[in-house]
Amino acid sequence: MGSLQVSGVTVAFGGHRALDDVAMTAEPGRVTGLIGPNGAGKSTLFDVVSGLRRPSSGRVVLDGRDVTRLGPARRARHGLARTFQRLELFGRLSVGDNLRVAAELGPERRRADHVVTEILDRLGLAHLADTPSDSLSTGVARLVEVGRAMAARPKLLLLDEPAAGQDGEETERFAALLRSLAGDGTAVVLVEHDMGLVMNVCDEVHVLNLGKIIASGPPEVIRRDETVLAAYLGDA
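Everything in this summary refers to the structure shown in the same document. (Residues numbered from 1 in each chain as written. Predicted model: local features only at pLDDT ≥ 70, side-chain atom pairs only at ≥ 80, totals over all residues. Heavy atoms only, no water.)

## Quick look at helix 1 (residues 42–50)
- With 8 of 9 residues buried, helix 1 lies mostly within the body of the structure.
- All of the buried residues along helix 1 are Lys42, Thr44, Leu45, Phe46, Asp47, Val48, Val49 and Ser50. (Buried < 20%, exposed > 50% of the residue type's maximum accessible area, 1.4 Å probe, protein only. Helix = DSSP H or I, 4+ residues; strand = E, 2+ residues; numbered from the N terminus.)

## With respect to the layout of surface pockets
- Approximately 830 Å³ is the volume found for the largest pocket.
- If you go around the largest pocket, you meet 28 residues; those closest to its centre are Ala76, Leu80, Ala81, Ala102 and Ala152.
- Of all the elements in the fold, those that place two or more residues in the lining of the largest pocket are helix 2 (72–77), strand 6 (80–82), helix 3 (95–103) and helix 5 (138–150).
- At 4 residues, the largest contribution of residues to the lining of the largest pocket is made by helix 2. (1 Å grid on protein atoms, 1.4 Å probe; cavity = no way out; pocket = protein on both sides within 12 Å on 5 of 7 lines; lining within 4 Å. Points joined across faces, edges and corners; volume = space filled by probe spheres on them.)

## With respect to unusual backbone geometry
- A positive phi angle, close to 55°, is found at Asp21, a residue other than glycine.
- Mapped onto the elements, Asp21 comes out in strand 2 (residues 16–26).
- Asp21 gets classed as exposed once you look at its relative accessible area, which sits at 54%.
- Of note in the backbone geometry, Arg153 takes a positive phi value of approximately 55° without being a glycine.
- Within the fold, Arg153 resides in the loop between helix 5 and strand 7 (156–160).
- The exposure class assigned to Arg153 is partly exposed, which follows from its relative accessible area of 24%.

## Some points on helix 3
- Val95, Gly96, Asn98, Leu99, Ala102 and Ala103 are the residues of helix 3 that are buried. Looking down the long axis of helix 3, one finds its buried residues gathered within 160° of arc, a one-sided arrangement.
- Buried positions along helix 3 lie against helix 4 (112–123) and helix 5. (Arc of directions from axis to C-beta. Contact = heavy atoms within 4.5 Å.)

## Here's the deal with the packing of aromatic side chains
- Applying the stated criterion to the full structure yields 0 aromatic pairs.
- Over the ring of Phe84 we find Arg82, and its NZ or CZ is 4.0 Å from the ring centre. (Phe/Tyr/Trp six-rings, centres within 6.5 Å; stacked < 30°, edge-to-face > 60°. Lys NZ or Arg CZ within 6 Å of the ring centre and 35° of its normal.)

## A look at the pattern of salt bridges
- On inspection of all chains with the given rule, the structure shows 14 salt bridges.
- Put simply, Asp20 and Lys212 hold a salt bridge, and the shortest N to O gap is 3.6 Å. Taken together, the residues span a long stretch of sequence, with Asp20 in strand 2 and Lys212 in strand 10 (residues 212–217) at a distance of 192 residues.
- Using a relative accessible area of 19% as the deciding quantity, one classes Asp20 as buried.
- The partly exposed category is assigned to Lys212, whose relative accessible area is 42%.
- For Arg173, the salt bridge is made with Glu169, and the minimal N-O distance between the two is 3.0 Å. Of the two residues, Arg173 and Glu169 are both situated in helix 6 (residues 168–183); the distance of 4 residues between them amounts to about one turn of the helix.
- Note on Arg173: relative accessible area 49%, which makes it partly exposed.
- Under the relative-accessibility criterion, Glu169 is labelled exposed at 56%.
- Among the charged side chains, a network of salt bridges with common partners joins Glu108, Arg111, Glu118 and Arg153. (Salt bridge = Lys/Arg side-chain N within 4 Å of Asp/Glu carboxyl O.)

Interpretation note: all reported values are geometric properties and have no functional meaning in isolation.
What follows is the structure in structure tokens.
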């Protein structure tokens, strides 16, 4: 189903701990937020979950299977997909072909054209199917990157600042998309600095600060947590 369990994850660079005994969960059908100041360790945690970085200690469990020692490709075959803080589109390819690359490697590769058409319609981007990706605005390019991750038909979807560059209307549509993905049974984990989006769309929020989880809970609890306000939300 796409459940994620992270337990005791520590990542050390020399004497510095980028992550320190981190534990969190994400469940199918829910949007889980991961927030914190710049440098808190959010992208590092995504790298650990997706297999790009081996933790110094701790475990990553996907659907009850310990995947801590598996590489990114094998985790992808188990249903994990992610986007990156830095845009990673194939700029010379069209929007449709960016999605097709992922669809042809996914579980529905024999229906790749159908998958691409379905996702373009779902994202409201059908009119841009033949548009080169390097000509898109940042907000639209972010959406295409999410669509490419969707084309892999993930059970667990990690989104690293996907709303960066979106205007208010685009963000509202994106919030609806996240709810729709969760409604399909996908476990969505969202790293995002737009607190309005996070508090509006997430079922649960984990807060990282200096490599440690300092609070976890529903948005209405997190927004009133004194530790979180002091570390992050108050400054925001």
